[in-house]
Each structure stands twice: as C-alpha cells, then as structure tokens.
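As a plain string of letters, each chain reads:
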Amino acid sequence: MPLKNTFAKFQKIHLETFGCTANVGDTMKLRAILRNAGHEIVEKDEADAVIVNTCTVTKRTELNVIKRLKELKGEGKEVIVAGCMAAAQPELVKSILGNDVTMVTPRDICNGYSEEHELDFDGVVTVIPIAMGCVGNCSYCIVKRARGNLKSYEPEKIFEAVKSAVEMGAKEIRITSQDCSAYGWENSSALKLKLPELLELITSVEGDFRIRVGMMNPFTVIPILDELLDAFDSEKVFKFFHVPVQSGSDKVLMDMRRNYKAADFVEIVKSIRKRFEYSTICTDFIIGFPTETEDDFLSSLNLLDDMKPEKVNITRFSPRPGTEAFKLKDLLEREKKKRSRIFSAFYHKIALERNTALEGKKLPILITEKGKKGGVICRDPSYRMIVINKDLPLGASYTVRITDVRSIYLVGEVQNVDLE
Ligand code: SF4
C-alpha cells in the first residue's frame with residue numbers, strides 16, 4: 001500500500017522526532033510526502049493524528065519514547081509510530097498502543113519518498129540523506145536491525161536535492177546516513193561514485209553554502225582517506241569529521257565487531273590534522289561494553305588523552321534486544337556510571353583547555369540557528385559552535401572575536417575586522 005494511503009483518513013497531522021540527523025531527515029521526507037498529498041502539518045492540539053518518528057538506539061531513548069507514546073495515548077490521540085522502533089521492536093509498540101497501531105518503518109519512508117515531494121525546512125539549515133543502512137554488523141547495534149543493509153541514493157538525485165535546498169535559502173546542508181563513508185560501497189553499475197566524488201559533485205552546485213558531512217565509520221574511511229581529504233579541501237565543506245571510534249581497546253573493538261583497530265582511528269586523526277590547520281574531530285565512545293575490563297577502559301582514556309578530539313559523544317552501554325551483545329553478561333550499572341563519569345570529566349577538561357587557547361582569536365562565522373535562550377548560534381569553518389548574544393540574521397557571515405569559552409562552545413562578539 002502506497003505510504004500516502006496510510007495517512008489518508010487524517011487531514012491534520014502533527015510530527016514529533018526522536019534521535020539522530022538521519023531521523024530528522026526522514027521526518028522532513030514524511031512532511032514533504034504529507035504536504036504533497038494535501039495534509040496540513042499542525043501543532044499537536046489541532047491534530048487528528050500524531051506521527052512519532054522514533055529512535056531506540058539506547059535503553060534510555062527507548063524509555064523516553066515509551067513515555068511519550070503513553071502520554072499521547074493518554075490524551076486520546078491517534079498515534080502513528082515511525083522510525084527505528086517501528087522496524088526493530090514492533091511488538092513493543094503493539095504492547096503500548098494495541099495490535100492495530102499504524103507503523104511506518106524507515107524503509108517505508110525511503111520507498112515512499114520521491115523527488116516530486118519537495119523537501120522544505122525552517123531557517124537556513126537542512127538535512128539531506130545520501131543513503132540508508134550500512135555495511136557493518138556491529139554486535140551492539142539495533143540500528144542495523146531497523147535500517148538494514150546499505151542503500152545509497154542516486155548521486156543525480158542528491159545533487160538536485162542540494163541544488164533546490166540552496167535555491168530555497170539553505171546555508172548549512174547536513175548530509176547524513178548511518179555511515180556516510182560507505183556511500184557507493186554497493187558498487188552497483190548505477191553507482192560508481194564514492195563519498196569523495198559525491199562531495200565534489202554537490203560542492204559544484206552554485207551558491208554560498210556549507211556542507212556538514214555526517215558519521216563516517218573508521219573502517220569505511222581508511223580505503224578512501226586521501227581522496228576524502230582532497231574533497232574536504234573545498235571551502236564549501238566544514239572541516240568537521242565525525243568518526244566514531246567507540247573504544248580504545250582492540251579487544252573490545254573486536255568484540256564489538258567494528259572491523260578496525262584503535263591505530264586506524266589514530267591514523268585517520270593524524271592525517272586530518274596534518275592536512276588542515278584547523279579541524280573538528282568528533283568521535284563517539286561506548287563506555288562499559290560487557291567485555292570492557294579496567295585495562296580496556298584505561299585504553300579508551302589513553303586514546304582520548306592522546307588524540308584530544310574536539311568533540312566527544314559518550315554513551316553508557318545498554319544491551320539492545322536482538323543484538324549479539326544482548327546475550328553477553330552486562331557490567332554493573334554503578335560500574336558503568338563510575339567509568340562514564342570519569343570519562344566525561346576528563347573529556348570536558350581537555351575540551352575546555354582546547355577552547356581556552358582560542359580566547360581573543362578572531363574567526364569567520366556563519367549564523368545558522370537561533371539560540372534557545374536568545375542570541376544566535378554560528379559555525380566557523382571547522383564547525384566550532386560559537387554563541388553570539390545578539391539577535392542577528394540567519395545565514396549572515398561575520399568575523400567574531402572569542403570573548404569567553406566553555407568546554408562545548410565558544411562565546412563571540414561581532415568584529416568584522418581583518419582576520420589575524
Ligand atoms: S556501522 Fe555498525 S553501529 Fe553503525 S549503523 Fe551499522 S551496524 Fe550500527
């Protein structure tokens with residue numbers, strides 16, 4: 001049944017999104033499909049139905065989603081469940097909302113979407129998915145069950161999506177997938193491009209905009225590293241490299257089935273920093289994987305200390321149903337909490353030291369978002385987050401002087417004087 005028929009009996013629809021950039025991209029596709037079919041996108045109280053685009057990557061997210069579904073059910077709302085929980089845990093969804101609940105998986109959205117559905121977005125930031133699924137099979141990952149094997153989207157269609165987004169005023173375009181550097185790994189006849197070539201194609205679009213490249217798995221980065229650095233050399237690509245390493249211990253990486261060693265991550269980071277004077281290395285660590293010993297944890301701490309990545313996402317391991325790691329004996333919650341507290345404190349110390357070195361510096365910035373508490377959020381060419389406590393137009397560019405720092409963002413004042 002065509003996706004649009006799934007929503008036929010509802011005129012006014014409200015959309016809610018949990019999770020990653022890829023899920024935000026799927027919500028944008030859903031919105032385009034709904035608008036194209038004549039539905040109104042409205043606030044929750046006016047809605048005939050609420051679509052919750054779910055995430056279930058960790059136990060904590062699963063519990064947050066369950067709480068939200070129960071709240072909406074309690075308000076007597078018609079609830080449609082989309083996203084990773086619909087694909088990976090349909091029985092859980094039925095146990096909350098009943099057997100006749102309507103569910104829409106990420107694959108349904110991918111198959112139901114076509115270029116006639118114009119993507120729209122608020123502000124100057126948009127999301128363009130370049131593929132879905134991945135070529136990995138990590139032992140802890142429930143996303144694999146939800147999004148499956150790699151399906152790279154056609155480069156011409158991505159090019160057109162970028163072109164129309166720029167024409168609609170996009171200044172920051174976040175290209176996303178479970179693993180962007182796996183783009184084109186299917187090697188099908190229609191798809192000869194890999195990520196570096198795709199970046200060259202989309203940066204050939206006329207206009208003043210910047211691309212932020214999403215997550216890239218170390219084992220799919222290594223084979224294309226040199227070409228990738230060439231492609232990132234474009235002024236239109238933020239020098240932001242999100243490369244989740246997950247652990248500093250090769251034994252744990254093996255148990256996670258990550259297909260690379262810590263040394264591969266080190267090589268990637270060193271190559272990036274050798275090529276670009278300024279860059280942001282963003283990485284992820286899973287703390288408390290079942291087979292992680294004290295020594296393995298120390299290996300992760302040492303890797304953090306050696307590489308001092310600018311941005312680190314820290315996740316406490318939680319067993320996900322249907323995964324290999326679900327069968328392993330979990331560490332005690334208090335032990336995982338203790339380790340992630342130590343890890344987080346150490347990261348914030350490193351990040352603050354790094355940012356303190358930027359105090360007084362002048363940086364070129366692009367204003368991309370309104371601040372939640374007023375002011376605006378900007379990005380410099382390395383995608384550092386800079387807050388300006390002033391109401392300035394989205395999409396404008398200025399030079400700022402860094403007047404204050406925090407571990408995860410900088411504070412700036414507009415200068416527009418020559419760069420030091
Ligand atoms: S690469 Fe691994 S962690 Fe990433 S989506 Fe695929 S299976 Fe999950």
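Reading the values: rules and limits
- Residues numbered from 1 in each chain as written.
- Predicted model: local features only at pLDDT ≥ 70, side-chain atom pairs only at ≥ 80, totals over all residues.
- Heavy atoms only, no water.
- Helix = DSSP H or I, 4+ residues; strand = E, 2+ residues; numbered from the N terminus.
- Expected span 1.5 Å × (residues − 1).
- Buried < 20%, exposed > 50% of the residue type's maximum accessible area, 1.4 Å probe, protein only.
- Salt bridge = Lys/Arg side-chain N within 4 Å of Asp/Glu carboxyl O.
- Polar contact = N/O pair within 3.5 Å; in protein donor to acceptor, adjacent residues only side chain to side chain.
- Domains from an automatic or database assignment.
- Contact = heavy atoms within 4.5 Å.
- Buried area = accessible area lost by both parts, 1.4 Å probe.
- Pairing = 2+ DSSP bridges.
- Axes fitted to C-alpha atoms, helices over the stretch in contact; angles between N-to-C directions.
- Core = buried A, V, L, I, M, F, W, Y, C linked by side-chain atoms within 4.5 Å.

Observations regarding helix α2 (residues 21-36)
- End to end, α2 covers 23 Å across 16 residues, agreeing with the expected 22 Å (1.5 Å per residue, within 8%).
- Counting buried residues along α2, 12 of its 16 residues qualify, which places the element largely inside the surrounding structure.
- Positioned one or two residues after α2, glycine 38 has a phi angle of 90°, which is positive.

Let's talk about the pattern of salt bridges
- Overall, the coordinates contain 34 salt bridges when judged by the stated rule.
- When the shortest N-O distance is used, the salt bridge between glutamate 75 and lysine 44 registers 2.8 Å. With a gap of 31 residues between them, glutamate 75 in the loop between α3 (59-74) and β4 (78-83) and lysine 44 in the loop between β2 (40-41) and β3 (49-54) connect regions that are remote in the sequence.
- Close ionic contact of aspartate 233 with arginine 275 constitutes a salt bridge, the shortest N to O distance being 3.4 Å. Of this pair, aspartate 233 sits in the loop between α11 (225-232) and β11 (240-242) while arginine 275 sits in helix α13 (residues 262-275), and the two are 42 residues apart along the sequence.

A closer look at the side chain of serine 181
- Tracing the chain through its elements places serine 181 in the loop between β9 (172-176) and α9 (195-202).
- At a separation of 2.7 Å, a polar atom in the side chain of serine 181 contacts the side chain of threonine 220.

Focus on the environment of serine 204
- Position of serine 204 among the secondary structure elements: in the loop between α9 and β10 (210-213).
- As a C-alpha pair, serine 204 and glutamate 267 span 63 residues in sequence and 29 Å in three-dimensional space.
- Engagement of the side chain of serine 204 in a polar contact is seen with the backbone oxygen of leucine 201, the distance being 2.4 Å.

Remarks on the domain arrangement of the protein
- By domain assignment, the protein separates into domain 1 (3-109), domain 2 (121-238), domain 3 (241-357) and domain 4 (362-414).
- Counting residues at the interface gives 21 residues for domain 2 and 28 residues for domain 3.
- Taking both partners together, domain 2 and domain 3 bury about 2200 Å²; carbon and sulfur atoms supply 64% of that area.
- Connecting domain 2 to domain 3 are 2 salt bridges.

Focus on the sheet that holds strand β6 (residues 125-129)
- Read across the sheet, 3 strands follow the order β6-β9-β10 without closing on themselves; strand pairing throughout is parallel. Among the strands making up the open sheet, the edge pair consists of β6 and β10. The mean inter-strand angle of the sheet, taken between neighbouring strand axes irrespective of direction, is 25°.
- Pairing between β6 and β9: 5 bridges, direction parallel. Considered in β9, the bridge of isoleucine 128 is made with isoleucine 175.
- Against the sheet, α2 contacts β6, β9 and β10, and its axis sits at roughly 95° relative to β6.
- Strands in contact with α9 are β9 and β10; relative to β10, the strand with the most contacts, it is inclined by about 160°.

Comments concerning the nonpolar core
- Grouped together as the largest cluster of nonpolar side chains are 89 residues, with contacts concentrated most on Ile173, Leu195, Leu199, Val213 and Met216.
- Ignoring anything within four residues of it in the chain, the contact list for isoleucine 173 reads Thr126, Ile128, Val162, Ala165, Val166, Phe209, Arg210, Ile211 and Arg212.
- In terms of nonpolar packing, the next biggest core, distinct from the first, is built from 16 residues, Val50, Val79, Val81 and Ile96 among them.

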